Amino acid sequence: EAARAAKAGGKVDVKVVVDVATGEVVSADAISGSPLLRDAAEEAARHARFAPVRYTGGPARVWGTLVYEFVAN
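A quick note: this is a predicted structure, and the numbers were derived from the prediction, not measured. (Residues numbered from 1 in each chain as written. Predicted model: local features only at pLDDT ≥ 70, side-chain atom pairs only at ≥ 80, totals over all residues. Heavy atoms only, no water.)

**As for the confidence of the model for the protein chain**
Turning to step 1, where the next piece is worked out: Looking at the protein chain as a whole, its pLDDT mean stands at 88, while 92% of the residues score no less than 70.
Turning to step 2, where the next piece is worked out: Of all helices and strands in the protein chain, the one with the weakest mean pLDDT is helix α1 (residues 2-7) (62), whereas strand β2 (residues 25-32) scores best (97). (pLDDT = per-residue confidence, 0-100. Helix = DSSP H or I, 4+ residues; strand = E, 2+ residues; numbered from the N terminus.)

**Thoughts on the nonpolar core**
Turning to step 1, where the next piece is worked out: Counting residues in each nonpolar core, the largest one holds 13 residues, and the members touching the most others are Val-12, Val-14, Val-16, Val-25, Ala-28, Ala-45 and Leu-66.
Turning to step 2, where the next piece is worked out: Those elements that place two or more of their residues in this core are β1 (10-19), β2 and α2 (35-47).
Turning to step 3, where the next piece is worked out: The greatest single-element share of this core, amounting to 4 residues, is contributed by β1.
Turning to step 4, where the next piece is worked out: Once residues within four sequence positions are removed from consideration, Ala-45 is found in contact with Val-14, Val-16, Val-25, Ala-28, Leu-66 and Tyr-68. (Core = buried A, V, L, I, M, F, W, Y, C linked by side-chain atoms within 4.5 Å. Buried < 20%, exposed > 50% of the residue type's maximum accessible area, 1.4 Å probe, protein only. Contact = heavy atoms within 4.5 Å.)

**Focus on the environment of Arg-49**
Turning to step 1, where the next piece is worked out: In this structure, Arg-49 sits in the loop between α2 and β3 (61-70).
Turning to step 2, where the next piece is worked out: Through-space distance from the C-alpha of Arg-49 to that of Val-25 is 6.7 Å; in sequence the pair is 24 residues apart.
Turning to step 3, where the next piece is worked out: Apart from residues lying up to four places away in sequence, Arg-49 is in contact with Gly-23, Glu-24 and Val-25.
Turning to step 4, where the next piece is worked out: Among the polar contacts made by the side chain of Arg-49, one reaches the main-chain carbonyl oxygen of Arg-46 at a distance of 3.1 Å. (Polar contact = N/O pair within 3.5 Å; in protein donor to acceptor, adjacent residues only side chain to side chain.)

This is the structure we're talking about:
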């Protein structure tokens, strides 16, 4: 499976939820793209970090989509 993934290429969209106080990704789910690349894209998204935002309304999370583009070997 890893060898096939290394030869695969294309874009994978990953829906993420970010904790605005810490800037950490709290969830990452691939929503499109090659099944061979989805795990790698989700793992990369979980390691992404964003600038924390001061928010006085209590705990908050935002969501968005990250796009990872893989180049086939």
